[in-house]
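Below, each chain spelled out in residue letters.
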Amino acid sequence: MDFSDVIGQEEVRQRLVQLVDEERLPHALMLCGPQGAGKMALAVAFACFLLRRNTRQSEASLNAMLAKLEHPDLHFTYPTIRLSSMGTDHKPISEDFARQWHELIMQGPYFTMDQWMTAIGAENQQAIITAGESDNLVRKLSLKSSQGGYKVSIIWLPERMNIECANKLLKLIEEPPQQTVFIMVCQEPDKLLETIRSRVQRIDVKKIDNASIEQALIERRSLSEEDARRIGRLANGSWTKALEELQVGSENQQFLDLFITLMRLAYQRKIRDLRRWSEELAGFGREKQKRFLEFFLRMVRENFMYNFHQQDLVYMSQQEEQFAQKFAPFINEANVLPIYDLANKAIRDISQNANAKIVFFDFALQMIVLLIQK
């Protein structure tokens, strides 16, 4: 893989290459930005760029290894779960799921946490990076480079490290092994230890510009210019979102139906039906529950902006906009912030393993009160 596989992000690419050319490459970088912006794509492309320098390997052999992302000096760290087959004393590490990870990333470096959770067969578990992973990293990175160049450690979602792992990684970053470069791919940097954030060079990755998404849709998915323009706008800077829009019967359709049902039942004050609605949500895995709540927040934002009659500020599909035509006035200055607070509280409660039936039933009941505020 190389930078040609990255969609947009030319400014970040130039900055990364410049760090190397000017011999100012830090031992730890952190790429931060929204989901779908291409942080992992940039990380992998930059890792391959580094591994092509100062190596004893022949070009053909090197390119073959990098094409399969099987270079011995390239290491991936990512959140894992505990399988029922694992012993109670075993701390899950990335190598336990190496096959699933390789299969997923070889499909392309643009993927979501949900796709990863599906790949490893997770249900209601919270995926984390354990202390066992940091111990394993110390062991692997203490070895000399097999090819005489850089050793690169890509850490996906370091904010999911538990405290024991974070503290051990901090020591590793403070005293990095020779010729080792850490590339962290972070979505929520505020959840990472401040001591780690202060020891890495942060590079912010912005949303992908619409023109780059449209061009990629035309070239990689053979879409017409009109279809590419529509999907590019809905994607709002996220390639993973663009891919979701291409999928027939996507999860977004299910979430839209649930959103519409909630609002109609709350307006009609049908308590019994709202309980059934909450039980349906409770049957989802926790990651999917959080994704619904994030979709809910987006719909609240879009309906609120719809009231301003500024088309450039609204990012909705045709179905979403059809519902908004009558529903949007119910999201207004009086209730938009309390509704946001309610959804964010539900996300926090779900993340902390609260009883999902109670969380979503309370969520639905409070919507009854909030919808009548004008």
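This text goes with the structure placed above it.
Looking at this structure, I do not really get the overall build of the protein. What am I missing?
When you go through the protein residue by residue, the secondary structure sums to 17 helices and five strands. Taken over C-alpha atoms, the radius of gyration comes to 23 Å for the protein, in line with the 21 Å a tight globule of 374 residues would show. For the protein, the C-alpha atoms occupy an extent of roughly 70 × 55 × 35 Å along the three principal directions. The buried share of the protein, reckoned over its 374 residues, is 51%. A separation of at least 24 residues holds for 74% of the contacts in the protein among residues at least 6 apart in sequence. Carbon together with sulfur atoms contributes 47% to the accessible area of the protein, which is approximately 18400 Å² in total. Each charge class in the protein was averaged separately, 47 positive and 49 negative side chains, and the resulting centres sit 4 Å apart.

In this structure, what is going on with helix 2 (residues 39–51)? I would like to understand it.
Along an α-helix, a turn takes 3.6 residues, which lines up residues three or four apart on a common side. Here helix 2 spans 18 Å end to end across 13 residues, near enough to the 18 Å set by a 1.5 Å rise per residue. Among the residues making up helix 2, those that are buried are K39, M40, A41, L42, A43, V44, A45, F46, A47, C48, L50 and L51.

Just to check I follow, could you spell out unusual backbone geometry for this structure?
Across the chain, the bulk of peptide bonds are trans and the bulk of non-glycine residues have phi less than zero. Even without glycine at this site, Q179 takes up a positive phi of about 60°. Looking at the element boundaries, Q179 is found in the loop between helix 7 (163–174) and strand 4 (180–186). If you check the backbone angles, N236 has positive phi at about 50° while not being a glycine. Along the polypeptide, N236 turns up in the loop between helix 10 (225–235) and helix 11 (239–246). Residue class for N236 comes out partly exposed when judged on its relative accessible area of 31%.

I keep staring at the packing of aromatic side chains and nothing clicks. Help me out?
The geometry of an aromatic ring pair comes down to the distance between the two centres and the angle between the two planes. Under the criterion given, the structure shown has 21 aromatic pairs. Here the aromatic rings of F76 and W101 are separated by 5.7 Å at their centres, their planes lie at 50°, and the arrangement is tilted. Here F76, found in strand 2 (residues 74–77), pairs with W101, found in helix 4 (residues 98–106); they are 25 residues apart in sequence, far enough to count as distant. Judged by its relative accessible area of 3%, W101 falls in the buried class. Judged by centre distance (5.5 Å) and plane angle (50°), the rings of W101 and W156 are tilted. Here W101 is found in helix 4, whereas its partner W156 is found in strand 3 (residues 151–156), with 55 residues between them in sequence. Through successive ring pairs, a cluster of aromatic residues spans F255, F259, Y267, W277, F292, F295, F296, F323, F327, F330, F360 and F363.

What am I meant to see in the packing of helix 14 (residues 286–306) against helix 17 (residues 356–371) here?
Each pair of packed helices can be described by the angle between their axes along with the distance between the axes. Relative orientation of the contacting elements helix 14 and helix 17 amounts to 15°, with a least axis distance of 13 Å. With respect to helix 17, the element helix 14 is oriented roughly parallel. Read as a crossing pair, helix 14 and helix 17 show a hand that is left-handed. Packed against helix 14, whose contacting residues are Q289, F292, L293 and F296, the element helix 17 presents A356, F360, F363 and M367 at the interface. Partitioned by chemical class, the residues of the contact of helix 14 with helix 17 number seven nonpolar, one polar and no charged.

What's the story with the sheet that holds strand 2 in this structure? I'm lost.
Pairing within the open sheet is parallel, and its five strands lie in the order 2-3-4-1-5. Edge strands, defined here as strands with exactly one partner in the open sheet, are strand 2 and strand 5 (201–204). Averaged over neighbouring strand pairs, the angle between their axes works out to 20° when direction is ignored. Inspection of the sheet shows strand 1 (residues 28–32) paired to strand 4 by five bridges, in the parallel sense. From the neighbouring strand, M30 faces strand 4, where its bridge partner is M184. Packed onto the sheet, helix 7 meets strand 1, strand 3 and strand 4 and runs at close to 140° relative to strand 4.

What is the right way to read the pattern of salt bridges from this model?
Proximity of charged atoms lets side chains of opposite charge pair with each other. Applying the stated criterion across every chain yields a total of 21 salt bridges. E95 is the salt-bridge partner of R139, the closest N and O atoms lying 3.7 Å from each other. One end of the pair, R139, is in helix 6 (residues 131–141); the other, E95, is in the loop between strand 2 and helix 4, with 44 residues separating them in the sequence. E95 gets classed as partly exposed once you look at its relative accessible area, which sits at 42%.

Is there a simple way to think about the pairing of strand 3 in this case?
Put simply, side chains in a regular strand alternate between the two faces of the sheet. Where burial is concerned, most of strand 3 is hidden: six out of the six residues are buried. Both faces of strand 3 are covered, namely the face carrying K151, S153 and I155 and the face carrying V152, I154 and W156. Bridge analysis of strand 2 against strand 3 gives four bridges, and the strand direction is parallel. By the bridge assignment for strand 3, T77 is matched with I155. Direction of pairing for strand 3 relative to strand 4: parallel, over a ladder of six bridges.

When you look at empty space enclosed by the protein in this model, what are you seeing that I'm missing?
A probe as big as a water molecule, rolled over the atoms, marks out the empty space that is left. On inspection of all chains with the given rule, the structure shows one cavity of 30 Å³ or more. When its volume is computed, the largest cavity comes out at roughly 30 Å³. What lines the largest cavity is simply T77, I129, E133, S134, L137, I155, M161, C165 and L169. Put simply, the parts of the chain that give the lining of the largest cavity at least two residues each are helix 6 and helix 7. If one sorts the elements of the lining of the largest cavity by residue count, helix 6 sits on top with three residues. Taken together, the residues of the lining of the largest cavity sort by class into six nonpolar, two polar and one charged.

Calculation notes
- Residues numbered from 1 in each chain as written.
- Predicted model: local features only at pLDDT ≥ 70, side-chain atom pairs only at ≥ 80, totals over all residues.
- Heavy atoms only, no water.
- Helix = DSSP H or I, 4+ residues; strand = E, 2+ residues; numbered from the N terminus.
- Rg over C-alpha atoms; globule rule 2.2 N^0.38 Å.
- Buried < 20%, exposed > 50% of the residue type's maximum accessible area, 1.4 Å probe, protein only.
- Contact = heavy atoms within 4.5 Å.
- Areas by Shrake-Rupley, 256 points an atom, 1.4 Å probe, with all protein chains shown as cover.
- Lys, Arg positive; Asp, Glu negative; His and termini not counted.
- Charge placed at Lys NZ, Arg CZ, Asp CG, Glu CD.
- Expected span 1.5 Å × (residues − 1).
- Phe/Tyr/Trp six-rings, centres within 6.5 Å; stacked < 30°, edge-to-face > 60°.
- Axes fitted to C-alpha atoms, helices over the stretch in contact; angles between N-to-C directions.
- Parallel < 35°, antiparallel > 145°, perpendicular 65-115°, else oblique.
- Left-handed = near helix turned anticlockwise from the far one by under 90°.
- Nonpolar A, V, L, I, M, F, W, Y, C, P; charged D, E, K, R; others polar.
- Pairing = 2+ DSSP bridges.
- Salt bridge = Lys/Arg side-chain N within 4 Å of Asp/Glu carboxyl O.
- 1 Å grid on protein atoms, 1.4 Å probe; cavity = no way out; pocket = protein on both sides within 12 Å on 5 of 7 lines; lining within 4 Å.
- Points joined across faces, edges and corners; volume = space filled by probe spheres on them.

The values are spatial; any link to function lies outside them.
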